[in-house]
Amino acid sequence: MRIKMALGDLAVIGLRSLLAHTRRPVARLKAMARPLVLLSVAIALLPSAAGATQNKFEGRLTLTAELAGSQFTAISDPSSLSNAFGGAAKHLPPFDFSFVQFGNALIPAQRGSIPSTHPFWEFILEPGTVTDNGTGMTQAKLPFALEERNENCIHNGVLSFTFNNSGTVSDVSYIIAAETCATFKFDMSGSWAATYTPGKVTGRTRLIADYDHETTTRLPTKTFADLAVDHPGMDATQFGSPLEVNPADMTFYGLVLDGVNYVGGCNTRAGAYPFCNSMAAPSYSVAKSVFAGTTAMRLAQLYPKVMRQKIADFVPECAASGQWGDVTFANALDLATGNYNSNASMADESAADMWQFFYPDTHAGKIAFACGHFPRKTTPGTQWVYHTPDTYVLGTALRAFYAKKTKPTRDFYRDLLIDPIWHRLGLHPTLDVTRRTYDSVAQPFSGYGLTLMPDDIAKLAIFLNNDRGKILGEQMIDIGMLDAAFQRNKSNPGLPAGSADLRYNNGYWAFNAQATLGCPAPTWIPFMSGFGGITIALLPNGMTYYYVSDGNSYTWSRAIREANKFRPFCKH
């Protein structure tokens, strides 16, 4: 199955978009010989067995000065981002963070994207490992990622250092050789002088408890070599196939089958990534389903008439524009507001002026464009047009609706998703953080800006596809909206989305696999999609196939054919 996506769907955003229209693009750079091979050997030397360490880390680790010898090699940088802000992208942001050791795990006190004074990067920190190295020092290795400020591109790496109980710490080495970012790829490595300040970390008991819950509730995870053993006759090579997605562009891929998460990929240009379970990936527009769609369904479960509400009644900026008075929450979720320039597939999303929405980092900047840029062309609810700004408007309206029902100071992301659903599913604490505007409003982006790990995707898939929005028997989201999104309601299939075999409904895509599978009747597969090549296909047979990549490949025919052979779901 191949979906032809234009450059839209967050194709050119933020600073990248601004530079793309003010700079002459440079040619794709060939990867030169890199000094990453030696470091790749170092990061691969993870502890083979758990055991008490001679030293125990608790306190603050601070990087104080970048040392000579740092390396940066652009792999693809068509907008010359590596030269922006005086070459700031070639250097790490300030690093001054607390960690707690629990057994052989080193747990950061902050998870998710951490705001920074750096003009380009923000850190995402994940739990790492500690083990003695035979010299009286203890070795620490931490998975981390750099996320572009105000955007969703993520670049994965590893930090490495040694320490002892007296506060002695080595220089900190780092390597970055992987990303999920279609428009900026690079290798970066180097070392920093550091200080270690031992001391009790505030909230340590909760950090340890959360980490223990995170790891003990992780789904059983196996490789695709195990898939062939567990299910004889199933061809594991049809999942994550290099004939559909270039391995160089693949971050990770997986198949969720009978409660097991079979995971592949997790490779870098410097070898296998040693922390596959903690390999951070951007959601991009998967958030239109996971964030906007789930929030709307959760509110509909609590307040059944919410989706009939009018946008203009809750978003003053849209009311002032005069084009949103008859647009409902449901219309915005369906990307069918009736406000657009062109209804050609992805034309508006890919337009040069879209940077005026993605580049501003304040709510005022984003909502002014989202509410006022597109003229009224047709009746709301009748024409699908892909607009990330429409999902931002919806998020603003849903937040205002929830504030009216509760208290304005309550955070609707936490109250509607994190506490009742994310935490109960055992999702990573990294998902507790979503991209927001950089002002006092702190409006979530809603249509992009989440960070996902393989286990998160698998658990969300089971929650939606297998458990139909229930947790321990409790219905958490509106089943009518979910059934409509998953093409289970023939009277509400959604709107055509760029072709006769694509639909869009309640924040979810659906693909008619009749021709691909040779089915006698239309066979619709609901799926989520994100910029660059991210797919989560929620198959009607209870299996879920997913992959995260950045080579602009949206092809998954081989996977669904193999899944259908194993457990047929063709409609007759």
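Everything that follows concerns the structure shown earlier in this document.
Residues numbered from 1 in each chain as written. Predicted model: local features only at pLDDT ≥ 70, side-chain atom pairs only at ≥ 80, totals over all residues. Heavy atoms only, no water.

**A word on the overall build of the chain**
Threshold: Numbering of helices and strands starts at the N terminus; helices are DSSP runs of H or I of at least 4 residues and strands are runs of E of at least 2. The reference for a compact globule is 2.2 Å times residues^0.38; the radius of gyration itself is calculated from the C-alpha atoms. Burial classes follow relative accessibility: with a 1.4 Å probe on protein chains only, a residue under 20% of its type's maximum area counts as buried, one over 50% as exposed, and anything between as partly exposed. Computed by Shrake-Rupley with a 1.4 Å probe, the accessible areas treat only the displayed protein chains as cover when residues are assessed.
Secondary structure assignment for the chain yields 15 helices and 25 strands. Relative to its length of 572 residues, the chain is compact, with a C-alpha radius of gyration of 23 Å against a globular reference of 25 Å. Counting only residues that meet the buried cut, the chain has 60% of its 572 residues in that class. When the accessible surface of the chain is split by element, carbon and sulfur atoms take 53% of a total near 20,900 Å².

**Observations concerning helix H9 (residues 363-372)**
This is how the line gets drawn: We call two residues in contact when some of their heavy atoms are within 4.5 Å.
Inspection of H9 places His363, Lys366, Ile367, Phe369, Ala370 and Cys371 among the buried residues, and these make up the whole buried set. Among the structural elements, helix H6 (316-321), helix H8 (355-358) and helix H10 (388-405) are those in contact with the buried residues of H9.

**Observations concerning the sheet that holds strand E21 (residues 502-505)**
Either a parallel or an antiparallel arrangement is found when strands of a sheet pair, and the pairing is made through backbone hydrogen bonds. Heads up, the condition is: Pairing between two strands requires that DSSP report at least two bridges joining them. Axis geometry follows a simple rule: fit a line to the C-alpha atoms, using only the stretch in contact for helices, then measure angles between N-to-C directions, giving values from 0 to 180 degrees.
Reading across from one edge, E11-E13-E12-E25-E24-E23-E22-E21-E20 is the order of the 9 strands in this open sheet, with mixed pairing throughout. On the outer flanks of this sheet lie strand E11 (221-222) and strand E20 (495-496), each paired with one strand and no other. Bridging between strand E24 (residues 534-538) and strand E25 (residues 544-549) involves 5 bridges; their strand directions are antiparallel. Residue pairing in the sheet places isoleucine 536 in a bridge with tyrosine 546 of E25. Across the sheet, helix H5 (residues 287-302) lies against E21, strand E22 (508-512) and strand E23 (524-530), angled at about 110 degrees from E22, the strand it touches most.

**Let's talk about the packing of H9 against H10**
As a reminder, the rule being used: Should the near helix be turned counterclockwise from the far one by less than a right angle, the crossing is left-handed, whereas a clockwise turn marks it as right-handed.
Between H9 and H10, the shortest axis-to-axis distance is 9 Å and the interhelical angle comes to 115 degrees. Helix-helix and strand crossings are classified by hand; for H9 and H10 the assignment is left-handed. Contacts from His363, Lys366, Ile367, Phe369, Ala370 and Cys371 in H9 reach Pro389, Tyr392, Val393 and Thr396 in H10.

**Looking at the packing of helix H11 (residues 412-425) against helix H12 (residues 454-466)**
Operational definition: Residue type decides the class: Asp, Glu, Lys and Arg count as charged, Ala, Val, Leu, Ile, Met, Phe, Trp, Tyr, Cys and Pro as nonpolar, and the leftover types, Gly among them, as polar.
Where H11 contacts H12, the two axes come as close as 10 Å, and the packing angle between them is 115 degrees. Here H11 and H12 pass one another in a crossing that is right-handed. Taken together, the residues of H12 that come into contact with H11 (itself represented by Ile421, Trp422 and Leu425) are Lys459, Leu460 and Phe463. Here the residues of the contact of H11 with H12 are counted per class, giving 5 nonpolar, no polar and 1 charged.

**With respect to the packing of aromatic side chains**
For clarity, the cut-off: We call Phe, Tyr and Trp rings a pair once their centres come within 6.5 Å, taking the six-membered ring for Trp, and we label the pair stacked below 30 degrees between planes, edge-to-face above 60, and tilted otherwise. Only when the NZ atom of a Lys or the CZ atom of an Arg is both within 6 Å of the ring centre and within 35 degrees of the ring normal do we say a charge sits over the ring.
One pass over the full model with this rule turns up 47 aromatic pairs. Judged by centre distance (5.7 Å) and plane angle (55 degrees), the rings of phenylalanine 239 and tyrosine 545 are tilted. Here phenylalanine 239 is found in the loop between helix H4 (224-230) and strand E12 (250-257), whereas its partner tyrosine 545 is found in strand E25, with 306 residues between them in sequence. The class of phenylalanine 239 is buried, set by a relative accessible area of 2%. Ring centres 5.4 Å apart and planes at 90 degrees place the aromatic pair tyrosine 504 and tryptophan 509 in the edge-to-face group. Site record: aromatic cluster; members linked through ring pairs are Phe57, Phe95, Phe97, Phe99, Phe123, Phe144, Phe161, Phe163 and Tyr196. Across from the ring centre of phenylalanine 357, 4.9 Å away, lies the NZ or CZ of lysine 366, which sits over that ring. For the cation-ring pair, lysine 366 lies above phenylalanine 445, with the distance from its terminal atom to the ring centre recorded as 4.9 Å.

**Observations concerning the nonpolar core**
Rules: Put simply, a nonpolar core is a bunch of buried Ala, Val, Leu, Ile, Met, Phe, Trp, Tyr and Cys residues held in one set by side-chain atoms that sit within 4.5 Å of each other.
In terms of nonpolar packing, the biggest core is built from 165 residues, with Leu92, Phe161, Ile311, Phe329 and Trp422 touching the most fellow members. For isoleucine 311, the residues in contact, after removing those within four places along its chain, are Cys318, Trp324, Val327, Thr328, Phe329, Ala332, Val393, Leu394 and Ala397. In terms of nonpolar packing, the next biggest core, distinct from the first, is built from 7 residues, Ala105, Ile107, Leu207 and Ile208 among them.

**A closer look at the pattern of salt bridges**
To keep things clear, this is the line we draw: A carboxyl oxygen of Asp or Glu within 4 Å of a side-chain nitrogen of Lys or Arg is what we treat as a salt bridge.
Summed over all chains, the structure comprises 23 salt bridges. Of the charged contacts, one joins glutamate 126 and arginine 111 as a salt bridge, the two residues approaching to 2.9 Å between their closest N and O atoms. Of the two residues, glutamate 126 sits in the loop between strand E5 (121-125) and strand E6 (128-132) while arginine 111 sits in the loop between strand E4 (105-108) and E5, which places them 15 residues apart along the sequence. In terms of burial, glutamate 126 and arginine 111 fall into one category: buried. For glutamate 562, the salt bridge identified is with lysine 565, shortest N-O distance 3.2 Å. Of the two residues, glutamate 562 and lysine 565 both sit in helix H15 (residues 557-566), 3 residues apart, roughly one turn of that helix.

**Observations concerning the pairing of E22**
Burial runs high along E22: 5 of the 5 residues are buried. Residues Tyr508, Ala510 and Asn512 of E22 are buried on one face, and the alternating residues Trp509 and Phe511, pointing to the opposite face, are buried as well. Following E21, the chain reverses through 2 residues before pairing antiparallel with E22; asparagine 506 in that reversal takes a positive phi of roughly 55 degrees. Here E22 runs beside E23; their pairing, made up of 4 bridges, is antiparallel. Pairing of phenylalanine 511 across the sheet is with isoleucine 525, part of E23.

Geometric values such as these leave the question of function open.
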